[in-house]
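Spelled out, the chains give:
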Amino acid sequence: LVGPTILQWGTEEQKKEFLPGILSGTTRWCQGFSEPNSGSDLASLKTTAVLDGDEWVINGQKVWTTQGHHADYCFLLTRTDPDVKKHAGISYMLVPMRQEGVEVRGIVQPDGTAEFCEVFFDNARCPKDAVVGGVNNGWKVANDTLGFERLGRVLQHQVPVLVDQDP
């Protein structure tokens, strides 16, 4: 999901840095959208990112993060401006998961598996240029990511088998 999003919204530097690992499958990603007590109101998110020099400092919690315990990076929605309408103050960031300040806890299911996780950010950091699509433009970027997810599900079930034909 993050690959098409970076293709559409990312900077040239982000494309060069992240797309090769996405395409080769060597970089694992998780989605940091859902939060406790938010239900389906994604724009009510509370996870914050505050600019500190050349880095964003991130604090908050995400939940139902599939495979978060295996991820190298998280495409994360954060509140970067609390003083505007809730849809307007969100940014979409590419955050390294393997750093101090990021704690991942599995949510154990009745069958004993824990593919879903809670992720806690306690002064975690990411570079200033890790924002995709511009600061406070995360709502639009996230909607495109969700559109790619929906399209993938449709294509999974409806793509016809292509047959090699002679011209």
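Above: the structure in question.
Residues numbered from 1 in each chain as written. Predicted model: local features only at pLDDT ≥ 70, side-chain atom pairs only at ≥ 80, totals over all residues. Heavy atoms only, no water.

Caption draft 1: Looking closely at unusual backbone geometry. Even without glycine at this site, Asn-123 takes up a positive phi of about 60°. Of note, Asn-123 is situated in strand β7 (residues 116–127). Phi is positive for Asn-136, close to 65°, though the residue is something other than glycine. Relative to the helices and strands, Asn-136 is located in the loop between β8 (131–132) and α3 (138–158). (Helix = DSSP H or I, 4+ residues; strand = E, 2+ residues; numbered from the N terminus.)

Caption draft 2: Quick look at the packing of aromatic side chains. Scanning the model with the defined rule gives eight aromatic pairs in all. Aromatic side chains Trp-29 and Phe-75 sit 6.5 Å apart centroid to centroid with 50° between the ring planes, which places their arrangement in the tilted category. Of this pair, Trp-29 sits in strand β1 (residues 29–32) while Phe-75 sits in strand β4 (residues 73–79), placing them 46 residues apart in sequence. Aromatic pair Phe-33 and Tyr-92: ring centres 6.2 Å apart, planes at 75°, arrangement edge-to-face. One end of the pair, Phe-33, is in the loop between β1 and β2 (48–52); the other, Tyr-92, is in strand β5 (residues 90–96), and 59 residues separate them in sequence. Look at Phe-33 and you get buried, because its relative accessible area is 5%. You can call Tyr-92 buried: its relative accessible area is 0%. For the cation-ring pair, Arg-105 lies above Phe-120, with the distance from its terminal atom to the ring centre recorded as 4.1 Å. (Phe/Tyr/Trp six-rings, centres within 6.5 Å; stacked < 30°, edge-to-face > 60°. Buried < 20%, exposed > 50% of the residue type's maximum accessible area, 1.4 Å probe, protein only. Lys NZ or Arg CZ within 6 Å of the ring centre and 35° of its normal.)

Caption draft 3: Looking closely at the pattern of salt bridges. Counted under the stated rule, the structure contains seven salt bridges. Ionic pairing is found between Glu-35 and Lys-62, a salt bridge with its closest N-O pair at 2.8 Å. With Glu-35 in the loop between β1 and β2 and Lys-62 in strand β3 (residues 55–66), this residue pair connects regions lying 27 residues apart in the sequence. Exposure remark for Glu-35: the relative accessible area of 8% places this residue in the buried category. Taking the shortest distance from any N to any O, the salt bridge between Glu-55 and Arg-125 comes out at 3.0 Å. In this pair, Glu-55 sits in strand β3 while Arg-125 sits in strand β7, placing the two residues 70 residues apart along the sequence. (Salt bridge = Lys/Arg side-chain N within 4 Å of Asp/Glu carboxyl O.)

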